[in-house]
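If you want the building blocks of each chain, they are given just below.
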Amino acid sequence: MCFSSQGKAQEAVYAYEELVDKYGGTAVLLNGLAAAKMHLGLFDEAEVALKEALTKSPADADSLANLIAVSYHLQRPQEVINRLFSQLKAKAPKHDLVLSRDNFEKSFDRVPATLA
């Protein structure tokens, strides 16, 4: 039995792959598979799963948010990340990632006033 974090993530990959084979690749299952692969550092493979999830459910906010994270790790061009973020913001304006970024930007905008 694996007790390490890596071992648990690998077990999760196997479990999600089995579920995808048995029930088909739903957005939820593909996101779980992608999250486990991200934990293992397999960002290219996670990207494939997330793109497949988006073909099955184009409005899935979690797929977009996870694809944004993967894109950062794969050092995709900022234009690509901005486009994905715009899609997320349009489809799910109350998503945690959108709200966190908006709060960060507001905080950043207040900094000059504190330095004046």
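Since this is a predicted model, take the numbers as computed values, not measurements.

## Looking at the packing of helix 2 (residues 27-39) against helix 4 (residues 61-73)
Turning to step 1, where the next piece is worked out: Where helix 2 meets helix 4, the closest approach of the two axes is 10 Å, and the angle between their N-to-C directions is 20 degrees. Regarding the angle of helix 2 to helix 4, the classification is roughly parallel. Classified by chirality, the crossing of helix 4 by helix 2 is left-handed. On helix 4, the residues touching Ala27, Asn31 and Met38 of helix 2 are Asp62, Ser63, Asn66 and Val70.
Turning to step 2, where the next piece is worked out: Taken together, the residues of the contact of helix 2 with helix 4 sort by class into three nonpolar, three polar and one charged.

## With respect to helix 2
Turning to step 1, where the next piece is worked out: The end-to-end C-alpha distance of helix 2, which contains 13 residues, comes to 18 Å, matching closely the 18 Å that a straight helix rising 1.5 Å per residue would cover.
Turning to step 2, where the next piece is worked out: Among the 13 residues that make up helix 2, ten are buried, leaving the element largely enclosed by the rest of the structure.
Turning to step 3, where the next piece is worked out: Turning to helix 2, its buried residues number three or more, namely Ala27, Leu29, Leu30, Asn31, Gly32, Leu33, Ala34, Ala36, Lys37 and Met38.
Turning to step 4, where the next piece is worked out: Against the buried residues of helix 2 lie helix 1 (5-23), helix 3 (43-56) and helix 4.
Turning to step 5, where the next piece is worked out: Downstream of helix 2 by a residue or two, Gly41 has a phi angle that is positive, lying close to 85 degrees.

Conventions we followed
Residues numbered from 1 in each chain as written. Predicted model: local features only at pLDDT ≥ 70, side-chain atom pairs only at ≥ 80, totals over all residues. Heavy atoms only, no water. Axes fitted to C-alpha atoms, helices over the stretch in contact; angles between N-to-C directions. Helix = DSSP H or I, 4+ residues; strand = E, 2+ residues; numbered from the N terminus. Parallel < 35°, antiparallel > 145°, perpendicular 65-115°, else oblique. Left-handed = near helix turned anticlockwise from the far one by under 90°. Contact = heavy atoms within 4.5 Å. Nonpolar A, V, L, I, M, F, W, Y, C, P; charged D, E, K, R; others polar. Expected span 1.5 Å × (residues − 1). Buried < 20%, exposed > 50% of the residue type's maximum accessible area, 1.4 Å probe, protein only.

Just distances and angles here, no functional claims.
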